[in-house]
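# Commentary on secondary and tertiary structure
Single-letter residue listing:
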Amino acid sequence: MKQILLTFSFFWVILAFSQELKSPSEFLGYKLGTEFTPHYRVEDYYQHVANSRPEQVQLQTYGQTYEGRPLLLAYLSTAANMNNLEQIRKEHLKSLEGNSEAEKAIVWLSYNVHGNESVSTEASMQTIYELLTSKSSYLDNTIVIMDPAINPDGRDRYVNWYKQYRNRPNQVDPNSVEHHEGWWSGRSNHYMFDLNRDWAWLTQVESQQRLKKYNQWLPHIHVDFHEQGVNEPYYFAPAAEPYHEVITDFQRDFQETIGKNHARYFDANGWFYFTKEVFDLLYPSYGDTYPTYNGAIGMTYEQGGSGRAGLGVITREGDTLTLQDRIAHHLTTGLSTVEVASKNAGVLNESFEKYYRDRSYKYNSYVLSGNRDQLDALADLLDQHQIKYGAGTGTNISGYNYRQQKNGSSKADASSMVISTDQTKGNLVKVLFEPNAKLSDSLTYDITAWSLPYAYGLETVASEKLVPSAVYKKQDTGGNSLDKATYAYVSDWNSMKDARFLASLLQQGIKVRYAQKPFRMEGKSFERGSLIITRADNANQPDFIKRLGNTARQFSKELVAVSTGFVDSGKDFGSSSVELILPPKVAVLGGEPTSTLRFGEVWHFFEQQLEYPLTVLHADYWNRVNLDEYDVLVLPDGRGYKSLLDDKLRERLSSWVSQGGNLIVMGNAISALSDTPEFSVKARKMEGDSTGNSVKPYGEGEREYIKNAITGAIFKTKVDPTHPLAYGYGDTYYTLKLGNDRFEFLDGGTVVYMEDETKPIAGFAGSQAQKNRENTLIFGVQEKGRGNMIYLADNPLFRGFWENGKLFFANALFMVN
Ligand SMILES: [Zn+2]
């Protein structure tokens, strides 16, 4: 019997691998677009396609999401091309060196980066089916790479939610709950990060794993499929201004070629669309710009719909927009893109090679120096982008000095890092490192400054000459050998690496002190915030030295052994200025009115960067939680705090702080506490609009608005490095300013602040927005009873990429008490 069963299942397997290719509707058992398809079924369909056309389709799992869902890529072409796939890839990559004979077009289609823009994945299934059947001729000279869902966690969050809340049959009345996704929307990934802002910063596992594959292929064309508001007509290329100046004429023109082909199909069907508006090509971390800066025609396509649309919804114009309509539109542009690629394979290959060959730059090398941990953290990011870097060789250099904002000279010594544009990723180097991106238009969709030297807080000189370099070696001390008999070990404190090291020690129960004053002993100097791990504090810890040694090794930390607690200058280890760090129990507020993205940044910071436990309290029940169980409470940025923080809650928070709590208040949450009886932080009173009664042309409304806007610009601010919130910092901090709020200096505890220099050093800030900004607070601490109010007016955790801001947050947890 057993034998028969085995034989039977063997035949079944053979059968499974030779099945007839079914359409998504046939395979899924419902007409595509009449239900949402969960990710495991999407995976099943792609598997079915690969099984039934094994000679034409390769399916690859390239990774996993935070929630454990597989990330998939399907490679498809003709059987002959697929047989040669690796050779085709290698020949294509020779274009980077200018000696390629490649003939095939490479098209990469990415779907559903925003989870609740859920049509995309559905459309992808019909698209792969059509490419293998009715449109198979496109594949003769084209390789198509399809990612059915960049963000399956977010997409399933939406799909599951919709299935639970929907009417049966679905209700097209936009007031019904199925059109009102809640706070925990499916747009972002598990940690509420927007994956379409993460291509350059790679803070999320989805982006990190995808980029490895992307770099293996560097396609000619990359499309990122999206959805926008329900009432919007379809958007496709060409994109709106501003365009980054590295974008070539060919890249501009070819967007037009593609757009015109789409328009042909849309016109024939009588569908509405728009081009050249709203969606620009500047901020480098999108699914259109990042590929563009790697030589591709990178494009965003936007269907009207997203989380509001469900299976069908009545639009403002009274039409019913259905999921089937939305699928038809994304299917059309997807196929049309491959069609254009296939017709233009020759010119795509030529131009791609040209993109990598014909380049000239004002600056040819960037020389960065400063904190070694920050340099190494930057090196880790560059490795992922396959950007090459080296160490200085002692040459004298001159060029633009980022800190002084003028030309100067210095030396590229061995401890500095040299990054040059003389490499295949040269354009990406320029985009990420240049002091200030040129703006062809100030009306942009996103931040206007991101220059990595500021984000990493490194001294930088941009040189017009190519600076020679040697091999850069990251610090890897392997940890030094530790001795049980040593009186104490000391660690420096000036980077996230140090914060992670401390977080790990605290969770192991190892006792750590920190110095509030600089000290000098045994011929060495130590700064404020230095960690002191004594034998005496840890006398009862089993395997103390072994665990300390292992942890130091894990974080490549060189610990300094000292044989005494008696210092030559500063405070002895037994002084009250050398305090024990008690591991804080931390909670963060989530739910309305916090912003999902801003909440997610805090959540991700704790669990994935600092690796320190965090309790998430949602606003709908947090007032019933005993806050005395927590040492630190974080209120992330969000809109609508004023109604949440009524008199009663403010009083409660106020007394919790007075009894010893540390309240970290971020962004707009500060506004809700400012000018209240319990808290003394004050918003700056603004003078009236100085433009007075002059007539403003109606047609320039957007331009008027922009005068008051700061669209993500970098400002140079001052730091009081003697304050615990600023331990590990120097006297300057480059802040990424995203909004227009201004707060007055605190009565003591103004730690990071803007004095009279209120012009951004990079990026755009409107003329009105720059006014009245003198002497405003960026970060500060106000003692209150036995606790502290910690105000973070700017966001050091924004999108997880402002590396040099993160230590402020760690200081707020461990050093401020
Ligand atoms: Zn989107």
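Look a little higher up for the structure.
A brief look at the structure comes next.

### Side note on the pairing of strand β4 (residues 142–147)
With six of six residues buried, β4 lies mostly within the body of the structure. Neither face of β4 is exposed, since Thr 142, Val 144 and Met 146 on one face and Ile 143, Ile 145 and Asp 147 on the opposite face are all buried. Note that strand β2 (residues 70–76) and β4 share three bridges and pair antiparallel. Within the sheet, the bridge partner assigned to Tyr 75 lies in β4 and is Ile 145. Strand direction decides the pairing type here: strand β3 (residues 105–111) and β4, joined by six bridges, are parallel. Following the sheet pairing, Ala 105 is matched in β4 by Thr 142. Viewed along the sheet, the connection from β3 through helix α6 (residues 119–132) into β4 turns out right-handed.

### Concerning the coordination of the zinc ion
Protein-derived coordination of the zinc ion comes from His 114 (ND1), Glu 117 (OE), Glu 117 (OE) and His 226 (ND1), at a distance range of 2.0 to 2.4 Å. Seen from the zinc ion, its four donor atoms lie at angles of 58 to 156 degrees, and the figure they make is irregular. Sequence spacing of the donor residues for the zinc ion, all on one chain, is H-x2-E-x108-H. One exposure class covers both His 114 and Glu 117, and it is buried.

### Quick look at the pairing of strand β1 (residues 57–64)
Sheet topology note: the β1/β2 ladder contains seven bridges and is antiparallel. Residue pairing across strands places Gly 63 opposite Leu 71, the latter belonging to β2.

### Looking at the pattern of salt bridges
Tallied over the full model, the rule gives 42 salt bridges. Of the charged contacts in the structure, one is a salt bridge between Glu 122 and Arg 155, with a shortest N-O distance of 2.8 Å. Of this pair, Glu 122 sits in helix α6 while Arg 155 is found in helix α7 (residues 152–165), placing the two residues 33 residues apart along the sequence. For the pair Glu 122 and Arg 155, a shared accessibility class is recorded, and that class is buried.

### Remarks on the side chain of His 92
With respect to the helices, strands and loops of the structure, His 92 is situated in helix α5 (residues 85–93). What His 92 contacts, discounting residues up to four positions off in sequence, is Ser 100, Ala 102, Ile 106, Trp 217, Leu 218, Pro 219, His 220, Asn 349 and Phe 352.

The rules behind the values
- Residues numbered from 1 in each chain as written.
- Predicted model: local features only at pLDDT ≥ 70, side-chain atom pairs only at ≥ 80, totals over all residues.
- Heavy atoms only, no water.
- Buried < 20%, exposed > 50% of the residue type's maximum accessible area, 1.4 Å probe, protein only.
- Helix = DSSP H or I, 4+ residues; strand = E, 2+ residues; numbered from the N terminus.
- Pairing = 2+ DSSP bridges.
- Right-handed = clockwise from strand over helix to strand, strands pointing away.
- Donors = N, O, S within 2.8 Å, 3.2 Å for Na, K, Ca; no water.
- Tetrahedral: all angles 85-135°; square planar, octahedral: opposite > 155°, others 65-115°.
- Salt bridge = Lys/Arg side-chain N within 4 Å of Asp/Glu carboxyl O.
- Contact = heavy atoms within 4.5 Å.

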